[in-house]
Amino acid sequence: MKSSFGVFRSCLIIIAFFAVPQTFADIYESVPDWVRIGDGGDFGKSVAMVGDVNGDGYDDLLIGAETKKVDVEDEGEVYLFFGSATGPTIAFAWSARGGELRTFFGSSVAGAGDVNGDGFADIVLGAKGDSDLGHLTTGEIRLYTGSVEGPGSTATSTLFGMTQGSWFGSSVAGAGDVDGDGFDDVVVGAPFDSSMKGKNGAAYIYRGFEGGLLGVPTVLTHPTPLGDFGYSVAGAGDVNGDGYADVIVGQPEYDGSGVQGGAVHIYFGSADVSGDAPDWSFTSDQGRQAKFADCVRSAGDVNGDGFDDILVGAWRYHVEGQPRGAAFLFLGSEDGPSTEPDWIGYPTNFGPDYGISDSFYGLSLDSAGDVDGDGLDDVIVGSAGWASAAHPEVFGGIFLYRGSEHGLKTTPELIVEPPDQPWHEFGRAVAGAGDMNGDGLVDIVGGTPYHNDGDVTHGAVAVYFGAESDDDDDGDDDEDDDDDAGGSGGSGDDEVADVDVGDEESDDSLRAQDDDSCGCGC
């Protein structure tokens, strides 16, 4: 059986061979093709495109609402929307909830790849968790395996953290096939785990097998006493080209240099991966306020050299004395990622027409896949506090950067703005590299838990489809257009509906600063 990484790469090769490169502006516009307004509970704070869970040929979409009250406060709920020829379904096809007080189920959501080798994509959901007595619990993750009907009502595997208050499950990700056994694996962060004496934080790799996830993990460690190790985790792809999937672990308060500047670590996959020490690390040059490695992701292969690359967000990184945020790209190689960043994206790169202070740039980021059909992967970066000069009342945006043989382009090719003013902090969550309407073009997702109609905070998620090109500029997709190129943007006929997730009215007191220490890892 091929791992999910192998299948995805073959898809990219097909796109690169047949498609004609085009600009991002040809492919997306700021009119979303699909919108869902939630019912509070931090709906849209976590999103993921998770592959094809039900085997119908369309990629599917997960949305988390970690503080949603179904029966009890803050139990959390997660919704799965199946893809279709018209995009994600109007109503969610499946849901699961925490079931207990302050579980915070949906703190993180992710595609797990194919953990049990049955040919269906699986999903993994995290719940960092509190108890009904107000004491922190261990946290948990649940694996739900795919099938023709979609996930079942009962988790295939449920796993718990090692210590009280560990936030186990605050970050979770599909890791790919780390040990080369033909089953995809999962990586889980527990940034406040205290199971190892003198350490703060841990991350775990759980191996896949026919029955789900094996209960005994490989423990990833780092020889430093402080730093919230495991605050963010992600599958890295194969950064050193050895045929094994690698994993990324973020440690935003790493104290190796005495300034708690934050660090990111890579653990190479192998048949007997041990996790005793990272195979590669990079430490930020700023203090803990930078939030370096709050969010980590694979970038795919942005320069086409056959090695996967990694992205690191630092949404409070100071530029010219202001906490504007930054994103860092490290290119893969035979030895692993570069020793220094190959690309740094700053809000100052966006030009004089855009607001750049306190933009939360890098709070979320992801690989977008090969958006423009040039054979090179592209990336998206969320900037939840950004505002343009043209629309200063609307906060948030998603920035798309094109890959090239030298890495990422310096400036964004396109900025996707929120549809209107209620979309406060749009881009707090982003996801890419999926095709939810089966047209062979890559779609992107943006979410915010702070969508507000003036009275109630609902949360919302928007999907932007890749579109066919109108090369002859006649306003129609017709026989004179290049069928292999992407195109003129969203259809404009966006489906908008409220998600029916109960009758609770959400408290409108939510503000970004209530949880501004939390990036894409939790």
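Residues numbered from 1 in each chain as written. Predicted model: local features only at pLDDT ≥ 70, side-chain atom pairs only at ≥ 80, totals over all residues. Heavy atoms only, no water.

K.L.:
Before we move on, can you summarise the overall build of the chain with the specific residues and values?
P.N.:
Along its length, the chain carries 2 helices and 35 strands. Counting across all 522 residues of the chain, residues that qualify as buried make up 62%. Intrachain contacts of the chain at a sequence separation of at least 6 include 60% that bridge at least 24 residues. Accessible surface, the chain as shown: approximately 18,500 Å² in total, 49% of it carbon and sulfur. (Helix = DSSP H or I, 4+ residues; strand = E, 2+ residues; numbered from the N terminus. Buried < 20%, exposed > 50% of the residue type's maximum accessible area, 1.4 Å probe, protein only. Contact = heavy atoms within 4.5 Å. Areas by Shrake-Rupley, 256 points an atom, 1.4 Å probe, with all protein chains shown as cover.)

K.L.:
Now, about the environment of S383: what can you tell me, with residues and values included?
P.N.:
Position of S383 relative to the elements: it lies in strand 27 (residues 378-383). Since its relative accessible area comes to 0%, S383 is described here as buried. Measuring from C-alpha to C-alpha, the distance between S383 and A429 comes to 9.2 Å, with 46 residues separating the pair along the chain. The residues contacting S383, other than those within four sequence positions of it, are S359, F360, Y361, G396, G397, F399, F426 and G427.

K.L.:
Go over the nonpolar core with me, naming the residues and quoting the values.
P.N.:
Of all hydrophobic cores here, the largest spans 21 residues; its most connected members are I248, V264, I266, F292, I310, V312 and F328. Listing elements by their share of this core, those giving two or more residues are strand 16 (232-237), strand 18 (263-267), strand 19 (280-283), strand 20 (292-300), strand 21 (309-314) and strand 24 (326-330). Excluding residues within four positions of it along the chain, I266 makes contact with A236, V239, D246, V247, I248, P278, D279, W280, I310 and P337. (Core = buried A, V, L, I, M, F, W, Y, C linked by side-chain atoms within 4.5 Å.)

K.L.:
Could you give an account of the sheet that holds strand 18, with specific residues and numbers?
P.N.:
The 4 strands lie next to each other as 16-17-18-19, forming an open sheet whose pairing is antiparallel. Strands with a single pairing partner mark the edges of an open sheet, and in this sheet they are strand 16 and strand 19. With direction set aside, neighbouring strand axes in the sheet form an average angle of 20°. (Pairing = 2+ DSSP bridges. Axes fitted to C-alpha atoms, helices over the stretch in contact; angles between N-to-C directions.)

K.L.:
Lay out the confidence of the model for the chain with the relevant residues and their values.
P.N.:
A residue-level look at the chain finds 78% of positions with pLDDT of 70 or above and a mean pLDDT of 82. In this model residues 1-21 is a low-confidence stretch, pLDDT under 50, and it forms 38 contacts with partners more than four residues away in sequence or in other chains. Counted against residues more than four places away or in other chains, residues 469-517, with its pLDDT under 50, gives 123 contacts. (pLDDT = per-residue confidence, 0-100.)

K.L.:
I'd like a rundown of the pattern of salt bridges, residues and numbers included.
P.N.:
The tally for this structure, following the rule as stated, stands at 11 salt bridges. Among the ionic pairs, K45 bridges to E66, the shortest N-O distance being 3.2 Å. In this pair, K45 sits in the loop between strand 1 (34-37) and strand 2 (46-49) while E66 sits in the loop between strand 3 (61-65) and strand 4 (77-81), placing the two residues 21 residues apart along the sequence. Grouping residues by exposure puts K45 and E66 together as buried. (Salt bridge = Lys/Arg side-chain N within 4 Å of Asp/Glu carboxyl O.)

K.L.:
Requested: an account of the pairing of strand 34 (residues 460-464), with residues and values cited.
P.N.:
In terms of burial, strand 34 is a largely internal element, 5 of the 5 residues being buried. Judged by which residues are buried, strand 34 turns out to be covered on both faces: A460, A462 and Y464 on one side and V461 and V463 on the other are all buried. Where strand 1 meets strand 34, 4 bridges bridge the pair, whose relative direction is antiparallel. Residue pairing in the sheet places W34 in a bridge with V463 of strand 34.

K.L.:
Tell me what's going on with the environment of A293, and back it up with residues and numbers.
P.N.:
Looking at where A293 falls in the secondary structure, it is placed in strand 20. Between the C-alpha atom of A293 and that of G261, which follows or precedes it by 32 residues, the distance is 9.6 Å. Apart from residues no more than four positions distant in its own chain, A293 is found in contact with S232, G250, Q251, P252, A263, V264, V312 and G313.

K.L.:
Before we move on, can you summarise the sheet that holds strand 9 (residues 157-160) with the specific residues and values?
P.N.:
In spatial order, the strands read 6-7-8-9; together these 4 strands make up an open sheet with antiparallel pairing. At either end of the open sheet lies a strand with only one pairing partner, and these are strand 6 (105-113) and strand 9. Across the sheet, the mean angle separating the axes of adjacent strands is 20° when strand polarity is ignored. Two elements, strand 7 (residues 122-127) and strand 8 (residues 140-144), share 5 bridges in a ladder whose sense is antiparallel. Note that in strand 8 the partner of A127 across the bridge is E140.

K.L.:
Kindly report on the packing of aromatic side chains, identifying the contributing residues and their values.
P.N.:
Here the structure, examined in full by the defined rule, presents 22 aromatic pairs. With 5.4 Å between their ring centres and 25° between their planes, W315 and F360 make a pair best called stacked. A residue pair is termed long-range when its members are at least 10 positions apart, and W315 in the loop between strand 21 and strand 22 (318-319) and F360 in the loop between strand 25 (343-345) and strand 26 (361-369) qualify at 45 residues. The pair W315 / F360 is uniform in exposure class, with both members buried. Centre to centre, the rings of F426 and Y464 are 6.5 Å apart; their planes meet at 65°, and the pair counts as edge-to-face. Taken together, the residues F426 in the loop between strand 31 (414-416) and strand 32 (429-434) and Y464 in strand 34 connect sequence positions 38 residues apart. Neither residue differs from the other here; F426 and Y464 are each classed as buried. Through pairs of rings, three or more aromatic residues link up here, namely W280, F282, F292, Y317, F328, F330 and Y346. Geometry around F104 places K128 over its ring, the cationic atom sitting 5.7 Å from the centre. Its end group placed over the ring of F105, R142 keeps NZ or CZ at 4.2 Å from the ring centre. (Phe/Tyr/Trp six-rings, centres within 6.5 Å; stacked < 30°, edge-to-face > 60°. Lys NZ or Arg CZ within 6 Å of the ring centre and 35° of its normal.)

K.L.:
So, unusual backbone geometry: which residues are in play, and what are the values?
P.N.:
Not every positive phi belongs to a glycine, and W167 is a case in point at roughly 60°. Mapped onto the secondary structure, W167 falls in the loop between strand 9 and strand 10 (171-176). With phi around 60°, E425 is a residue other than glycine that occupies positive phi space. Turning to its location among the elements, E425 is positioned in the loop between strand 31 and strand 32.

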